[in-house]
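Coordinate analysis (summary)
Here is what each chain is made of, one letter per residue.
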Amino acid sequence: MNQPTLDVLNARRSVPSRQLGEPAPDDATLRRLIEAAIRVPDHGKLEPFRIRILRGDAKHAFGKALASMALEANPDLSDAKRDKEQRRYEYAPLVLVVSAKVDPDSKVPELEQNLTAGCVAYNLLLGAQALGYGAQWLTGWAAYDRDVARLLGMKKHEHVVGFIHVGTPAMEAPERERPSYDDIVAPWQP
Ligand SMILES: Cc1cc2nc3c(=O)[nH]c(=O)nc-3n(C[C@H](O)[C@H](O)[C@H](O)COP(=O)(O)O)c2cc1C
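Residues numbered from 1 in each chain as written. Predicted model: local features only at pLDDT ≥ 70, side-chain atom pairs only at ≥ 80, totals over all residues. Heavy atoms only, no water.

With that settled, consider the overall build of the chain. Counting secondary structure elements, the chain contains seven helices and five strands. Going from the N terminus to the C terminus, the chain shows its helices and strands as α-β-α-β-α-α-β-α-β-α-β-α. Here the chain has a C-alpha radius of gyration of 18 Å; the compact-globule value for 190 residues is 16 Å, and the two agree. Summarising its shape, the C-alpha atoms of the chain cover approximately 55 × 45 × 40 Å along the three principal directions. For the chain, with 190 residues in total, the buried portion stands at 36%. In the chain, once contacts between residues fewer than 6 apart in sequence are set aside, the share between residues at least 24 apart is 81%. With an accessible surface of roughly 11900 Å², the chain has 53% of that area assigned to carbon and sulfur atoms. When the 25 positive and 26 negative side-chain charges of the chain are each reduced to one mean point, those points stand 3 Å apart. (Helix = DSSP H or I, 4+ residues; strand = E, 2+ residues; numbered from the N terminus. Rg over C-alpha atoms; globule rule 2.2 N^0.38 Å. Buried < 20%, exposed > 50% of the residue type's maximum accessible area, 1.4 Å probe, protein only. Contact = heavy atoms within 4.5 Å. Areas by Shrake-Rupley, 256 points an atom, 1.4 Å probe, with all protein chains shown as cover. Lys, Arg positive; Asp, Glu negative; His and termini not counted. Charge placed at Lys NZ, Arg CZ, Asp CG, Glu CD.)

Put into structure tokens, the structure is as follows:
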């Protein structure tokens, strides 16, 4: 039986952002990718997610701003960590910032709204790979920092769910051991 969707899931793996280079999807391809990725399950149809596109100068400016903020918060940062901060946004040519924009007054629990935004991030990983690109979902301190959220234009009830780094893999992505069915799955019995 032909099961292309399962083939995609079975082949899914992240490509470390350090291994992602040019080219990234062009604007038309990116639009197709995002239009597919936002077809997520969404309790209450709240659309509790947003995506900001970082490329080129804007991406570099964002990376530089984050490095300055990290240094400001910790002037004793080691050289290695300082270097890492500087480079984080230099590798992949495209970064998609997926956020959850939750409605705290909705009867839909905030957890469910966050899960919906998470589905968008995951769809972007799958879709990017299906198009022949590589991608990695990263967070780090910046995803939880309100100054960074403000820099991205987010207000009180919006926060970063993930930075999805996208590009062309420079090498075949490493595989890792995957969860085993028997460890994860069990019949429930009353
Ligand atoms: C919400 C979320 C945040 C993550 N943040 C990071 C991160 O900041 N740094 C990192 O090295 N991996 C992070 N990861 C893990 C990688 O995206 C990736 O899943 C991991 O390297 C395993 O590779 P795989 O996707 O092929 O299983 C995160 C994953 C998720 C779901």
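Taken together, the neighbourhood of the ligand is formed by R12, R13, S14, Q136, W137, L138, T139, G140, R176 and R178. With respect to the ligand, the side chain of S14 contributes an N or O atom lying 2.4 Å from an oxygen atom. Within the backbone of W137, a nitrogen or oxygen atom sits 2.6 Å from an oxygen atom of the ligand. Tallied by class, the residues present in the shell around the ligand amount to two nonpolar, four polar and four charged. (Near = heavy atom within 4 Å. Polar contact = N/O pair within 3.5 Å; in protein donor to acceptor, adjacent residues only side chain to side chain. Nonpolar A, V, L, I, M, F, W, Y, C, P; charged D, E, K, R; others polar.)

Before going further, it helps to examine the layout of surface pockets. To locate leftover empty space, one rolls a probe as large as a water molecule over the atoms. Size it by volume and the largest pocket reaches roughly 180 Å³. Considering the residues around the largest pocket, the lining is formed by P16, S17, R18, K84, R88, Y91, Q136 and L138. The class makeup of the residues in the lining of the largest pocket is three nonpolar, two polar and three charged. (1 Å grid on protein atoms, 1.4 Å probe; cavity = no way out; pocket = protein on both sides within 12 Å on 5 of 7 lines; lining within 4 Å. Points joined across faces, edges and corners; volume = space filled by probe spheres on them.)

This part takes up the UniProt feature "domain: Nitroreductase" (unreviewed entry) in the chain. With numbering aligned to this structure, UniProt lists the feature "domain: Nitroreductase" (unreviewed entry) at residues 11-167. As a span, residues 11-167 carries 42% helix and 20% strand, and end to end its C-alpha atoms are 17 Å apart. (UniProt positions renumbered as here; feature names shortened; annotations may be inferred.)

Here the focus is the UniProt feature "binding site: FMN" (unreviewed entry) in the chain. Under the UniProt annotation, the feature "binding site: FMN" (unreviewed entry) is placed at R12, R13, S14, R39, H43, W137, L138 and T139. The greatest C-alpha distance among the annotated residues, which extend across 128 residues, is 27.9 Å, indicating that they are dispersed rather than converging on a single site. The subset of the named residues that lines the largest pocket consists of L138. Taking relative accessible area as the criterion, H43 reaches 44% and is therefore assigned partly exposed. Those residues in contact with H43, other than ones at most four positions away along the chain, are V108, E112 and T116. By the element assignment, T139 lies in the loop between strand 4 (134-138) and helix 6 (146-151). Residue classification places T139 among the partly exposed residues on the basis of a relative accessible area of 30%. Here T139 is in contact with Y144, V161, G162 and F163, once residues within four sequence places are set aside.

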